Amino acid sequence: MSDELERRTRNDEQAATAVLFSAGLDSAVLAAQEAQHGPVWPLYVSVGLAWEAAERATAARLLATHPYRAHVKPLSTLTFTMADVYPPSHWAIRGVPPAYDTPDEDVYLAGRNLVLLTKAGTWCAANRVSRIVLGPLAGNPFPDATPEFFASMGTALSLGLAHQVAIDTPFRQMHKEDVVRRGLALGVPFEQTLSCMNPKLAPPGSQVAYLHCGACSKCRERLDAFKAAGAVDPAPYSAPASH
């Protein structure tokens, strides 16, 4: 490798950001925003939850759209199973999500960000990437979504991997309707995103891989956010929400 090519490769690695990417509304906007500033590596961490195949299929279509073509790398799928921790009866394993009006506190997945960041941080050390971003929002009630947790996790990963890892949460002060507005400004194709815990396979010939169920609490959060943002959700639903 020439000295110039080595220098450019090193600079690209230092500027690159790994985005925890699920093809949901928040991570789609986050990846598009980060791509405005440098190379982005989208990471999908599979832990054995019921809706993961739908998210990965959606991610493949989403990343082929305009906001992601220039600076976003191909999706890297990592595996870190939680099927041996969550019991088979757990709603996220069975694929029976909480009801439409279920509060956030009742859909907590213990260790979620701890697991995602452990695998992502190890990937970053192996690939010489020094920054991870993810998309918790204002009002997130979970213990693994606090500034103290993210700072401590970044320190632990950096020490344990002998590789500097910074963890950033750019949407920490934003509500979901704010993220919708940001995504509209960035041209994110929201019809190609998926924020649902019980997605339904789309009919043949559809422009999307999966439909939102319209009945789970994630669908409710999404619909409420678009309404608060003064916009209409362009994503297709298998049945209109009637709540």
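Structure shown above.
Residues numbered from 1 in each chain as written. Predicted model: local features only at pLDDT ≥ 70, side-chain atom pairs only at ≥ 80, totals over all residues. Heavy atoms only, no water.

The subject of this paragraph is the overall build of the chain. On a plain count of helices and strands, the chain comes out with 9 helices and 7 strands. The C-alpha radius of gyration computed for the chain amounts to 18 Å, which stays within 12% of the reference 18 Å derived for 243 residues, consistent with globular compactness. By principal-axis analysis of the C-alpha atoms, the chain measures approximately 60 × 40 × 35 Å. Out of the 243 residues belonging to the chain, those deemed buried represent 49%. Considering only residue pairs separated by 6 or more positions, the chain has 72% of its internal contacts joining residues 24 or more positions apart. (Helix = DSSP H or I, 4+ residues; strand = E, 2+ residues; numbered from the N terminus. Rg over C-alpha atoms; globule rule 2.2 N^0.38 Å. Buried < 20%, exposed > 50% of the residue type's maximum accessible area, 1.4 Å probe, protein only. Contact = heavy atoms within 4.5 Å.)

Let's shift gears to the layout of surface pockets. Considering only enclosed or pocket space, the largest pocket measures out at about 1,300 Å³ in volume. Around the largest pocket sit 45 residues that line it, and Asp26, Asn140, Lys176, Lys218 and Glu221 are the ones nearest its centre. Breaking the lining of the largest pocket down by element, the ones donating at least two residues are helix H2 (25-34), strand S2 (40-46), helix H6 (112-127), helix H8 (176-186) and helix H9 (217-228). Top contributing element to the lining of the largest pocket by residue count: H9, with 7 residues. (1 Å grid on protein atoms, 1.4 Å probe; cavity = no way out; pocket = protein on both sides within 12 Å on 5 of 7 lines; lining within 4 Å. Points joined across faces, edges and corners; volume = space filled by probe spheres on them.)

Let us now look at empty space enclosed by the protein. Taken as a whole and judged by the stated rule, the model has 1 cavity of 30 Å³ or more. In this structure, the largest cavity encloses a volume near 50 Å³. In terms of lining residues, the largest cavity is bounded by Thr58, Arg61, Glu191, Gln192, Thr193, Leu194, Val208, Ala209, Tyr210, His212, Ala235 and Pro236. For the lining of the largest cavity, the residue count by class is 6 nonpolar, 4 polar and 2 charged. (Nonpolar A, V, L, I, M, F, W, Y, C, P; charged D, E, K, R; others polar.)

Okay, the pairing of strand S1 (residues 17-20) next. Strand residues, when the strand is regular, have side chains that alternate between the two faces of the sheet. Covered by surrounding structure in S1 are Thr17 and Val19 together with Ala18 and Leu20, the residues of both alternating faces. The sheet contact formed by S1 and S2 spans 4 bridges and is parallel. When the bridges of S2 are listed, Val19 appears paired with Pro42. Regarding the hand of the β-α-β motif, the stretch spanning S1, H2 and S2 is right-handed. (Pairing = 2+ DSSP bridges. Right-handed = clockwise from strand over helix to strand, strands pointing away.)

What follows is about the packing of H6 against helix H7 (residues 147-161). Look at H6 against H7: their axes get within 10 Å of each other, and the N-to-C directions meet at 40°. Our classification of the angle between H6 and H7 gives oblique. In this structure, the crossing between H6 and H7 has a hand that is right-handed. Taking contact as the criterion, the partners of Asn113, Leu114, Leu117, Thr118, Gly121, Thr122 and Ala125 in H6 are, on H7, Phe149, Phe150, Met153, Leu157 and Leu161. Classifying every residue of the contact of H6 with H7 gives 8 nonpolar, 4 polar and no charged. (Axes fitted to C-alpha atoms, helices over the stretch in contact; angles between N-to-C directions. Parallel < 35°, antiparallel > 145°, perpendicular 65-115°, else oblique. Left-handed = near helix turned anticlockwise from the far one by under 90°.)

What follows deals with the nonpolar core. One finds Leu20, Leu117, Ile132 and Ile167 to be the most contacted residues of the largest nonpolar core, which totals 42 residues. Sorting the residues of this core by element identifies S1, S2, helix H5 (91-94), H6 and H7 as the ones contributing at least two each. Non-local contacts of Leu117, meaning those with residues more than four positions away in its chain, are made with Leu20, Ile132, Leu134, Phe149, Phe150, Met153, Leu157 and Ile167. Judged by nonpolar contacts, the second largest core, of 27 residues, contains Leu25, Val133, Leu137 and Met174. (Core = buried A, V, L, I, M, F, W, Y, C linked by side-chain atoms within 4.5 Å.)

Summed over the entire model, instances satisfying the criterion amount to 4 aromatic pairs. Taking the centre distance of 5.9 Å and the plane angle of 25° together, the rings of Trp51 and Trp91 count as stacked. Of this pair, Trp51 sits in the loop between S2 and helix H3 (52-62) while Trp91 is found in helix H5, placing the two residues 40 residues apart along the sequence. With relative accessibility at 17%, the residue Trp91 sits in the buried group. When the ring of Phe190 is compared with that of Phe226, the centres are 5.2 Å apart and the planes differ by 85°; the resulting orientation is edge-to-face. (Phe/Tyr/Trp six-rings, centres within 6.5 Å; stacked < 30°, edge-to-face > 60°.)

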